[in-house]
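Residue strings, one per chain:
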Amino acid sequence: MGTPCPQAVLALAVVLLGLSAPRAVSGRPNFIVILADDVGWGDLGANWAETKETPHLDELAAEGTRFVDFHSAASTCSPSRASLLTGRLGARNGVTHNFAVTSVGGLPLNETTLAEVLREAGYSTAAIGKWHLGHHGHHHPSFRGFDYYFGIPYSHDMGCTDTPGYNLPPCPPCPRLGTAARVARKDCYTDIALPLFENVSIVQQPVNLSSLAARYAEEAARFIQRASDGGRPFFLYLALAHMHVPLGVPPPPPASDRGIYGATLREMDALVGRIKQVADSHGKGNTLLWFAGDNGPWAQKCELAGRLGPFMGAWQRQRGGSSAKQTTWEGGHRVPALAYWPGRIPAKQTSHALLSTLDIFPTLVALAGAALPPNRRFDGLDVSPVLFGWSDVGHEVLLHPNSGAAGKDGGIEALRLAQYKAFYTTGGAMACDGSIGPAEHHQPPLVFNLDRDIQEQEPLDVASGEYQAVLPAISRAYARALEDIATDNVSVADYSKDPAATPCCDTRRVACRCQAPGPGCRTERRATWLCL
């Protein structure tokens, strides 16, 4: 992404030097959840030997637990994040596809977030990084249980910047007064600059992506220090810009065959290492740090996409199209995941339990001694026995919703039952070569035995004894799941759009550019756009 500016590095160093041990006023643990964007299962050296760019994450794995059968709740940004923060699939919480720059709505306001539960239980809460669950009005994170917010409202390629780096297709910089008119490019946001928020104010537009990682680390350290000084346990939700696309220009990479992607992966790894250092500086054993990915790699970005590891989705790739992000193939939702809590979570442990980002909500709520919100059902489990090494049993059944590929958005198009994976719909996502696999509906479903076929290459023969033996159990599980969702307290998200909902620092300036950091939407003229 880029070399952090000297001022940012100095500020971070000052913050880190000022850290002190927390006051021992509460036996409740602190929580740090780090969510990486579009990271591949094979992007961790602990998972995939070919990967050499993640020494800090590999150290985290060695000092904690590595989950090798861990899944995102959806295969694209907004639904995955909504499920993590509610413990409920998009079919229940209403978030079934991504929100836009002009979105009026967001995560439905009747859904209770993890931050709201923990804040009610006495925690200090912060969200730092990418939000993508609605930025307009009360959908903004400052109104969803977070005492402090610092970050970008959606993906970092959903607005122009002054120094765009690497993307496919390449995107131009933000326009300035006096520049010649340009032809808009598909998949590029050329007229609205990417904003950076602190709480409800825009403090920079466009964002300087090259220093964003250092600023996130600095703000995380400041928040942890403030919470410690206040004697309260804390919950930090750190949603990284990495590894979506390396739009910032990174420094020349060290010897590596992964080029720009490898350099950006090293930057993400270093950021996680800094956060671990901060947590340890406040007393080892007080903080649970949980790292996971929001979904698999973005295959259509080619060399700018992550590694799938062994999860190739070979059946789909033989027919064209992607088997990664947006899809229900393993490469779309099986993500790297690590948990670190010295003295509580065993070191050098590998768990094969079937787990999900859905489990983060109920697990942290239980560890905090709080209660789950009433009048709704949850898809996540309290998996603290797995964290502590007392059990290696997770979900019996795990549902995989459509996340932008073939099928209805949010519809349950695949299901995992023990080692068996059933597909009811396949195809519809773009691969690096531009192909989009044909949408195919399968009745009876395609069924793979992942114990023997982790690449999802050859489905079971429908006439085989194994298929006939497992199909009734799959069908019952699928029917029960659909019935459970249909009879639940289900929310509906508002996906309407209005240009007036676009975050804009100054409507009088080209690309909403801020003349100077700070005033943001405090100006009177700004009030009709996004003052919250």
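Residues numbered from 1 in each chain as written. Predicted model: local features only at pLDDT ≥ 70, side-chain atom pairs only at ≥ 80, totals over all residues. Heavy atoms only, no water.

As annotated in an unreviewed UniProt entry, the protein chain is Arylsulfatase G from Trogon melanurus. Quoted verbatim from the Sequence similarities (unreviewed entry) heading of the UniProt record, the comment on the protein chain is "Belongs to the sulfatase family." (UniProt positions renumbered as here; feature names shortened; annotations may be inferred.)

(A) Here's a closer look at the pattern of salt bridges. The full count for this structure, using the stated rule, is 25 salt bridges. We note a salt bridge from Asp-488 to Arg-88, for which the minimum N-O separation is 3.1 Å. Of the two residues, Asp-488 is situated in the segment after helix H12 (465–486) and Arg-88 in the loop between helix H3 (77–86) and helix H4 (90–93); the sequence distance between them amounts to 400 residues. You'll find Asp-488 and Arg-88 in the same group, each marked buried. (Salt bridge = Lys/Arg side-chain N within 4 Å of Asp/Glu carboxyl O. Helix = DSSP H or I, 4+ residues; strand = E, 2+ residues; numbered from the N terminus. Buried < 20%, exposed > 50% of the residue type's maximum accessible area, 1.4 Å probe, protein only.)

(B) Here's a closer look at the environment of Leu-89. Inspection of the secondary structure assignment puts Leu-89 in the loop between H3 and H4. When the C-alpha positions of Leu-89 and Ile-412 are compared, they lie 9.6 Å apart, and in sequence the two are 323 residues distant. Dropping the residues within four chain positions of it, Leu-89 is found in contact with Ala-73, Ser-83, Leu-358, Asp-379, Leu-399, Pro-401 and Ile-412. (Contact = heavy atoms within 4.5 Å.)

(C) Inspection of the packing of helix H6 (residues 212–229) against helix H7 (residues 259–281) at higher detail. With their axes 10 Å apart at the nearest point, H6 and H7 run at an angle of 15° to one another. In terms of orientation, H6 lies roughly parallel with respect to H7. Like other packed secondary-structure pairs, H6 and H7 cross with a definite hand, here right-handed. Between H6 and H7, the residues in contact are Ala-213, Ala-214, Ala-217, Ala-220, Ala-221 and Ile-224 and Glu-267, Leu-271, Arg-274, Ile-275 and Val-278, respectively. Considered class by class, the residues forming the contact of H6 with H7 number nine nonpolar, no polar and two charged. (Axes fitted to C-alpha atoms, helices over the stretch in contact; angles between N-to-C directions. Parallel < 35°, antiparallel > 145°, perpendicular 65-115°, else oblique. Left-handed = near helix turned anticlockwise from the far one by under 90°. Nonpolar A, V, L, I, M, F, W, Y, C, P; charged D, E, K, R; others polar.)

(D) Structural context of the packing of helix H2 (residues 55–62) against H7. Contact geometry of H2 with H7 gives a least axis separation of 7 Å together with a crossing angle of 45°. Relative to H7, the element H2 lies oblique. Across from Pro-55, His-56, Leu-57, Glu-59 and Leu-60 in H2, the residues of H7 making contact are Met-268, Asp-269, Ala-270, Val-272, Gly-273 and Lys-276. Residues of the contact of H2 with H7, tallied by class, amount to six nonpolar, two polar and three charged.

(E) Quick peek at the nonpolar core. Ranked by internal contacts, the top residues of the largest apolar core, which has 51 residues, are Phe-235, Tyr-237, Leu-288 and Leu-364. For this core, the secondary-structure elements that each account for two or more residues are strand S1 (30–36), H3, helix H5 (114–120), strand S8 (234–239), strand S9 (287–293), strand S10 (337–340), helix H10 (360–367) and helix H11 (384–387). Looking at which element gives the most residues to this core, the answer is H10, with five residues. Excluding residues within four positions of it along the chain, Tyr-237 makes contact with Val-33, Leu-35, Arg-81, Leu-84, Leu-85, Ala-126, Ala-127, Ile-128, Trp-131 and Phe-146. Grouped together as the second largest cluster of nonpolar side chains are 48 residues, Ile-32, Ala-227, Ala-241 and Ala-279 included. (Core = buried A, V, L, I, M, F, W, Y, C linked by side-chain atoms within 4.5 Å.)

(F) Main features of the sheet that holds strand S15 (residues 420–426). Taken in spatial order, the four strands line up as S13-S14-S15-S16 in an open sheet, and their pairing is antiparallel. Strands at the two margins of the open sheet, each flanked by one partner only, are strand S13 (397–401) and strand S16 (440–449). Averaged over all adjacent pairs, the angle separating strand axes in this sheet is 20°, with direction ignored. (Pairing = 2+ DSSP bridges.)

(G) Inspection of the sheet that holds strand S4 (residues 124–129) at higher detail. Pairing in this open sheet of 10 strands is mixed, and the strands run S7-S6-S5-S4-S8-S1-S9-S10-S2-S11 from one edge to the other. The strands lining the two open edges of the sheet, one partner per strand, are strand S7 (201–204) and strand S11 (349–351). If you compare each strand with its neighbour and ignore which way they point, the axes differ by 20° on average. As judged from the three bridges shared by strand S2 (residues 65–67) and S10, these two strands associate in the antiparallel manner. When the bridges of S10 are listed, Thr-65 appears paired with Ala-339.

(H) Seen up close, the layout of surface pockets. Within this model, the largest pocket holds a volume of roughly 620 Å³. Lining the largest pocket we find 26 residues, and of these Asn-98, Asp-187, Tyr-189, Trp-298 and Gln-326 sit closest to its centre. For the lining of the largest pocket, the residue count by class is nine nonpolar, 11 polar and six charged. (1 Å grid on protein atoms, 1.4 Å probe; cavity = no way out; pocket = protein on both sides within 12 Å on 5 of 7 lines; lining within 4 Å. Points joined across faces, edges and corners; volume = space filled by probe spheres on them.)

(I) Region of the structure containing H2. Among all positions in H2, only Leu-57, Leu-60 and Ala-61 are buried. What you see down the axis of H2 is that its buried residues fit within an arc of 100°, all on one side. Close packing links the buried residues of H2 with S2, H7, S9 and S10. (Arc of directions from axis to C-beta.)

(J) Layout of the confidence of the model for the protein chain. Summarising the model, the protein chain shows a mean pLDDT of 89, and 88% of its residues fall at 70 or more. Across residues 516–532, confidence stays below pLDDT 50; counting only partners more than four residues off in sequence or on other chains, it has 43 contacts. (pLDDT = per-residue confidence, 0-100.)

(K) Spotlight on the state of the cysteines. Under the defined criterion, the tally for this structure stands at five disulfides. Through a disulfide, Cys-160 is tied to Cys-174; the S-S separation comes to 2.1 Å. Its S-S torsion of approximately 105° makes the covalent link between Cys-160 and Cys-174 right-handed. Here Cys-160, found in the loop between strand S5 (148–151) and strand S6 (196–198), pairs with Cys-174, found in the loop between S5 and S6; they are 14 residues apart in sequence, far enough to count as distant. There is no split in this pair, since Cys-160 and Cys-174 are both buried. Paired through a disulfide, Cys-504 and Cys-512 show a sulfur-sulfur distance of 2.0 Å. In this structure the cystine formed by Cys-504 and Cys-512 twists about its S-S bond by roughly -100°; its chirality is therefore left-handed. Neither Cys-504 nor Cys-512 differs from the other in exposure class; each is buried. Along the protein chain, the cysteines engaged in disulfide bonds are linked according to the scheme 1-3, 2-4, 5-6, 7-9, 8-10 when indexed in sequence order. (Disulfide = S-S within 2.5 Å.)

(L) Summary view of H3. Counting buried positions over the 10 residues of H3 gives 10, a clear majority of the element. Listed as buried for H3 are Cys-77, Ser-78, Pro-79, Ser-80, Arg-81, Ala-82, Ser-83, Leu-84, Leu-85 and Thr-86. Residues of H3 that are buried sit in contact with S1, H4, H5, S8 and H10. Backbone geometry just after H3 places Gly-87 at a positive phi near 70°.

(M) How the structure looks around the pairing of S7. Both S6 and S7 contribute to a ladder of three bridges, which runs antiparallel. Within S7, the residue paired with Glu-198 across the bridge is Ser-201. From the end of S6 to the start of S7, which pair antiparallel, there are two residues, and Asn-199 there has a positive phi angle of about 55°.

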